[in-house]
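# Report on the structure
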Amino acid sequence: MRRGEEPMVPEAGFRSYYGQPIIKAPVWHEPHMPVYLYLGGLSGAAATMAAVAGLAGNDRLALTARATAAFGAVAGAGFLVAELGRPERFLNMMRVFKPTSPMSMGSWILAVHGATTGLAAASALAPVLPAWRIIAPLRVPVLGDAAVAASALTGPLMATYTAVLLADTAVPAWHEARKELPFLFAGSALASAGAAGMLATPRASAAPARAVAVLGAAVETAAGALMEHRLGLVGEPYRTGEAGRRMRIARALTVGGGLLATVAGRSRVLTALSGAALTAGALYTRFGLLAAGRASAADPKYTVVPQRLRLEAGQPASVPADS
């Protein structure tokens, strides 16, 4: 081009052929997948809380946490099967053990965690169900303690593996947030488990659950704010449209529930409001994440612009998930 001449071809935009997205949108459905993500986090954090409460001698909270962990695992498996469409699809995933596949590892984590939390809950309920002869062997304390210890180990994995599952995709809003998503999910899981402990445990025994809820709300809020700030352009879907609306509602509920948890020990009403707000906030977070992923996959700019910036900086256009 000669000096002073105007370019004849305008700079290319972010459209793709025939206006089609560059990558496929997530095929997960509502409400199955978001609820599964919530229940998995709830179960994982509750299992760890059950172990800690048991060691501290808080038997009432430990019982609540054991039951919550088992419920979350069983109900979560049900929602996952509903998402897959047919139960045999879940069983097919158990045919292989592939450490490099988040889906494969997640299936095994769910299976092992579900078995241990179920055993832990059954052993805790066995003494109060004398008519159930079938669970008589579970009245051996050592068996229940072993199950609690095992579920405490799988609990953190259960609460955060779904973050790795999201990040290990080409969806920009998820993949680019791979550094913050595990902390976001961990915080949300703690808030969820703390809320369940508050709601289902007498206030005199629920102080540790309230502390867990406050900690979880703080971690989730901080991780979410850091994620949106660091992502820049790719973080737009978390701030705009339907996903942005959901994330704002989630943040308001989580912050409000966390603040109420600090004074919830004073009354049942405050406890109920705090627990309900934290639970709703955790659910809205999952629904918001799914909507943000869809929005980022639908707009080519969230895929193209980061690639261009990396190329201009002398980096590979695509970044491995484990980087």
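A cis amide bond, omega 0°, links Glu30 with the succeeding residue Pro31. Relative to the assigned elements, Pro31 resides in the segment before helix H1 (32-55).

Moving on: the nonpolar core. Grouped together as the largest cluster of nonpolar side chains are 32 residues, with contacts concentrated most on Trp28, Tyr36, Trp174, Leu181, Met227 and Tyr238. The leading source of residues in this core is helix H5 (residues 141-167), at six residues. Residues contacting Trp28, with those up to four places away along its chain left out, are Met33, Glu83, Leu165, Leu166, Trp174, Leu290 and Arg294.

All right, on to the side chain of Arg178 then. Within the secondary structure, Arg178 sits in the loop between helix H6 (172-175) and helix H7 (181-200). Glu176 is the oppositely charged side chain nearest to the buried, salt-bridge-free Arg178, at an N-O distance of 4.1 Å. A polar contact of 2.9 Å, which involves the side chain of Arg178, links it to the backbone oxygen of His175.

The next point concerns the environment of Thr254. Tracing the chain through its elements places Thr254 in helix H9 (residues 241-261). For Thr254, a relative accessible area of 2% translates into the label buried. Discounting chain neighbours no more than four positions away, the residues touching Thr254 are Ala217, Glu220, Thr221, Leu278 and Gly281. For Thr254, the side chain forms a polar contact with the main-chain oxygen of Ala250, separated by 2.8 Å.

Attention now goes to the packing of H1 against H7. Packing of H1 against H7 leaves a shortest axis separation of 7 Å and a crossing angle of 70°. By the angle between their directions, the pair H1 and H7 is classed as roughly perpendicular. The handedness of the crossing between H1 and H7 comes out as right-handed. Seen from H1, the contacting residues are Tyr38, Gly41, Leu42, Ala45, Ala46 and Met49; seen from H7, they are Ala189, Leu190, Ser192, Ala193, Ala196 and Gly197. The residue inventory of the contact of H1 with H7, partitioned by class, reads nine nonpolar, three polar and no charged.

Moving on, we get to the environment of Ala200. Summarising the element assignment, Ala200 is placed in helix H7. Look at Ala200 and you get partly exposed, because its relative accessible area is 41%. Sequence separation between Ala200 and Gly275 is 75 residues, and the spatial gap between their C-alpha atoms is 9.7 Å. If near-sequence neighbours (up to four positions away) are discounted, Ala200 is found in contact with Arg60 and Thr64.

A full pass over the atoms with the stated rule returns eight salt bridges. Residues Glu180 and Arg230 are paired through a salt bridge, measuring 2.4 Å at the closest nitrogen-oxygen approach. Taken together, the residues Glu180 in the loop between H6 and H7 and Arg230 in helix H8 (residues 207-231) connect sequence positions 50 residues apart. Judged by its relative accessible area of 5%, Glu180 is buried. You can call Arg230 partly exposed: its relative accessible area is 36%. Linking Glu242 and Arg245 is a salt bridge whose minimum nitrogen-to-oxygen distance equals 2.7 Å.

Calculation rules
Residues numbered from 1 in each chain as written. Predicted model: local features only at pLDDT ≥ 70, side-chain atom pairs only at ≥ 80, totals over all residues. Heavy atoms only, no water. Helix = DSSP H or I, 4+ residues; strand = E, 2+ residues; numbered from the N terminus. Core = buried A, V, L, I, M, F, W, Y, C linked by side-chain atoms within 4.5 Å. Buried < 20%, exposed > 50% of the residue type's maximum accessible area, 1.4 Å probe, protein only. Contact = heavy atoms within 4.5 Å. Lys, Arg positive; Asp, Glu negative; His and termini not counted. Salt bridge = Lys/Arg side-chain N within 4 Å of Asp/Glu carboxyl O. Polar contact = N/O pair within 3.5 Å; in protein donor to acceptor, adjacent residues only side chain to side chain. Axes fitted to C-alpha atoms, helices over the stretch in contact; angles between N-to-C directions. Parallel < 35°, antiparallel > 145°, perpendicular 65-115°, else oblique. Left-handed = near helix turned anticlockwise from the far one by under 90°. Nonpolar A, V, L, I, M, F, W, Y, C, P; charged D, E, K, R; others polar.

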